[in-house]
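What follows is the residue order along each chain.
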Amino acid sequence: MSKVDEPRVNGQITAASIRLVDQNGSMVGVVSTAEGMKLAEQAGLDLVEISPTASPPVCKILDYGKYRYEIQKKAHEARKKQKVIQIKEIKLRPTIGEHDLEIKIRNIIGFLKEGDKVRITLRFRGREMDHQNLGYEVLDRVQETLKEHCKIEQSPRTEGKQIAMTVGPR
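Residues numbered from 1 in each chain as written. Predicted model: local features only at pLDDT ≥ 70, side-chain atom pairs only at ≥ 80, totals over all residues. Heavy atoms only, no water.

Describe a positive patch on the surface, and please don't skip the residues or the numbers.
A surface patch of positive charge is lined by K91, R123, R125 and K161. One can find K161 in the loop between strand 7 (150-159) and strand 8 (162-169). Note on K161: relative accessible area 53%, which makes it exposed. (Patch = residues over 30% accessible without salt bridge, like charges linked within 9 Å, V, L, I, M, F, W, Y side chains within 5 Å. Areas by Shrake-Rupley, 256 points an atom, 1.4 Å probe, with all protein chains shown as cover. Salt bridge = Lys/Arg side-chain N within 4 Å of Asp/Glu carboxyl O. Lys, Arg positive; Asp, Glu negative; His and termini not counted. Charge placed at Lys NZ, Arg CZ, Asp CG, Glu CD. Helix = DSSP H or I, 4+ residues; strand = E, 2+ residues; numbered from the N terminus. Buried < 20%, exposed > 50% of the residue type's maximum accessible area, 1.4 Å probe, protein only.)

Put into structure tokens, the structure is as follows:
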């Protein structure tokens, strides 16, 4: 039994008449299914239903094994070209040193160039919560430095004892 996503081949084609395309790619016209099968048999190839929803269905004379191989190859190439976007996280503190911040920003730019999104989290401890403005100042410096490398997907906002923001590649 054939799978649902595979085209019908030879005897599986149920339509009374079909629009036939021969092995060279030229249009033969509307013929009966039996005549299409006979022509495919004479060529030593298969009759494959290319467009089952058309009226009448479009069938083509071709080597079915080779056709399936080509479809698999195209699907494999498409999967290879897909990029899975990950969310990387960089953690900061409100008292971070200037040089440490530069290194973190360099890492963020590297992640963005690879096509990943970056979540920047600034965590407060103890009494630091009373001085949230220091945290927002640090994140403003980060935003200012990164503005030509990324777009801000989520602006800085407080989430419990931390401030978080998300940036993505341009």
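How would you summarise the packing of helix 3 (residues 98-113) against helix 4 (residues 132-146) if you had to cite specific residues and measurements?
At a closest axis distance of 11 Å, the pairing of helix 3 and helix 4 adopts a crossing angle of 45°. By the angle between their directions, the pair helix 3 and helix 4 is classed as oblique. Here helix 3 and helix 4 pass one another in a crossing that is right-handed. For the pair helix 3 and helix 4, contact is made by E98, L101, I105, I108 and I109 and by V138, R141, V142, T145 and L146, respectively. When grouped by side-chain class, the residues that make up the contact of helix 3 with helix 4 number 7 nonpolar, 1 polar and 2 charged. (Axes fitted to C-alpha atoms, helices over the stretch in contact; angles between N-to-C directions. Parallel < 35°, antiparallel > 145°, perpendicular 65-115°, else oblique. Left-handed = near helix turned anticlockwise from the far one by under 90°. Contact = heavy atoms within 4.5 Å. Nonpolar A, V, L, I, M, F, W, Y, C, P; charged D, E, K, R; others polar.)

Before we move on, can you summarise the pattern of salt bridges with the specific residues and values?
Within this structure, the stated rule accounts for 8 salt bridges. Note that E98 and R141 form a salt bridge whose closest N and O atoms lie 3.5 Å from each other. You can see E98 sitting in helix 3 and its partner R141 sitting in helix 4, a full 43 residues away along the chain. When the shortest N-O distance is used, the salt bridge between E159 and R157 registers 3.7 Å. A cluster of three or more residues bridged by salt bridges with shared partners is formed by R119, R157 and E159.

Could you give an account of the environment of M129, naming the residues involved and the relevant values?
With respect to the secondary-structure elements, M129 resides in the loop between strand 6 (117-123) and helix 4. M129 sits 33 residues away from Q162 along the chain, and the two C-alpha atoms are 8.6 Å apart. When sequence neighbours within four positions are dropped, the list of residues in contact with M129 reads F124, G160 and K161.

Please give an account of the nonpolar core that cites residues and values.
Ranked by internal contacts, the top residues of the largest apolar core, which has 20 residues, are L92, I108, I120, L146 and V167. Those elements that provide at least two residues to this core are strand 5 (87-92), helix 3, strand 6, helix 4 and strand 8. Ignoring any residue separated from it by four or fewer positions in sequence, one finds V167 in contact with I108, L112, K117, V118, I120, C150, K151, I152 and E153. The next biggest cluster of nonpolar side chains, apart from the first, holds 8 residues, and it includes I18, V31, A40 and L47. (Core = buried A, V, L, I, M, F, W, Y, C linked by side-chain atoms within 4.5 Å.)

I'd love a proper account of the pairing of strand 3 (residues 46-51), names of residues and values included.
Note that strand 3 and strand 4 (residues 58-62) share 5 bridges and pair antiparallel. Across the sheet, residue V48 finds its bridge partner in strand 4, namely K60. Between strand 3 and the antiparallel strand that follows it, strand 4, lie 6 residues. (Pairing = 2+ DSSP bridges.)

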